[in-house]
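So the chains spell out like this:
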Amino acid sequence: MSTVPDGKKLVRSPSGLRMVPENGAFNSPFSLDEPQWVPDKECPSCMQCDKKYDFLTRKHHCRRCGRCFCDKCCSKKVALPRMCFVDPVRQCGECSLVSQKEMEFYDKQLKVLMGGGSFIVTLGTSKTSETMMCRLSNNHRYLFFDGESHFEVELSRISSMQVLTEESTPEENDIHTYTSLLDSQYISEGGNSRASGMLLHYKPTGSQDPQQLRMEAADDKKTASSWLAAMHKAAKLLYEARDR
Ligand SMILES: [Zn+2]
Ligand SMILES: [Zn+2]
């Protein structure tokens, strides 16, 4: 085990080499735990094509789901940043598709989120709002808001997230909630209706009282809209990770 700068360490698991935070409490909220491997004795044949294992047909475990497959059904090595693997790891067909889709989030949306956007921010039911730069922290754990003042929202303390479009406001009946947007192209970049704002409910650190925060795209609407679309993708991964 060796220590490297910025509080991360290399650990070796049966699945491969992983680069994880020194302190588990600082795991990225997007990260997933490694699965338990299905024990050898519980899988006499490939869980995909049913081929029996023998001296020539060896078994391999998918690093993402932990199920057991023959070489043909588990041959792809795909990057799996959500489990912090340093190199691409062996995955079954189903899992490699999911992981490949997630790479787009890591390659594009995560960078957009860390780059930030400019928003008019209103806290609670306050009558006053402030133009602030909002960005995701480098460790992915916080949304930082910077303007005249500074505050942060911990992603794990967000209980609900609504992306608002130009045609919708929270006062209207058809609120486009996070769940109704799952897998929809509605909010995506270049879609018919551009994301124009977001409504968050969260518990500030050290408090159990839910707080509401409203963000509306400020001057650079295009950047803000991309940021919101990226946040929408992020929400999907976050809620998936939380529901496990
Ligand atoms: Zn197979
Ligand atoms: Zn799998």
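The sections below set out a description of the structure shown in this document. Nothing here was measured: the structure is a model prediction, and the numbers come from that model.

Bringing the coordination of the zinc ion (ligand 1) into the picture now. Only Cys46 (SG), Cys49 (SG), Cys70 (SG) and Cys73 (SG) from the protein reach the zinc ion (ligand 1) as donors, at distances of 2.3 to 2.4 Å. Classification of the site at the zinc ion (ligand 1) rests on its four donor atoms, whose angles at the metal span 105 to 118 degrees, yielding the label tetrahedral. The motif formed by the donor residues of the zinc ion (ligand 1), counted along the single chain, is C-x2-C-x20-C-x2-C. Taken together, the positions of Cys46 in the loop between strand 3 (16-21) and strand 4 (59-61) and Cys70 in strand 5 (residues 68-70) put the pair 24 residues apart, joining distant regions of the chain. Classification of Cys46 as buried rests on a relative accessible area of 3%.

Another point: unusual backbone geometry. Phi angles above zero are rare outside glycine, and Asp50 is one such case at about 70 degrees. Along the chain, Asp50 falls in the loop between strand 3 and strand 4. The class for Asp50 is exposed, based on a relative accessible area of 52%. Phi is positive for His140, close to 70 degrees, though the residue is something other than glycine. Assignment of secondary structure puts His140 in the loop between strand 9 (130-136) and strand 10 (142-146). Judged by relative accessible area, which is 14%, His140 ranks as buried.

With that settled, consider the pattern of salt bridges. Scanning the model with the defined rule gives eight salt bridges in all. Arg90 is paired through a salt bridge with Asp71; the nearest N and O atoms lie 3.2 Å apart. Pair noted here: Arg90 is in strand 7 (residues 89-91) and Asp71 is in the loop between strand 5 and strand 6 (76-78), with a separation of 19 residues, a long-range link. Overall, the relative accessible area of 17% leaves Arg90 in the buried class. Residue Glu102 is joined to Arg82 by a salt bridge in which the shortest nitrogen-to-oxygen separation is 2.8 Å. Placement of the pair is Glu102 in helix 1 (residues 93-115) and Arg82 in the loop between strand 6 and strand 7, with a sequence separation of 20 residues. By relative accessible area, Glu102 is classed as buried at 6%. Exposure remark for Arg82: the relative accessible area of 1% places this residue in the buried category.

The rules we used
- Residues numbered from 1 in each chain as written.
- Chains lettered and ligands numbered in written order.
- Predicted model: local features only at pLDDT ≥ 70, side-chain atom pairs only at ≥ 80, totals over all residues.
- Heavy atoms only, no water.
- Donors = N, O, S within 2.8 Å, 3.2 Å for Na, K, Ca; no water.
- Tetrahedral: all angles 85-135°; square planar, octahedral: opposite > 155°, others 65-115°.
- Helix = DSSP H or I, 4+ residues; strand = E, 2+ residues; numbered from the N terminus.
- Buried < 20%, exposed > 50% of the residue type's maximum accessible area, 1.4 Å probe, protein only.
- Salt bridge = Lys/Arg side-chain N within 4 Å of Asp/Glu carboxyl O.

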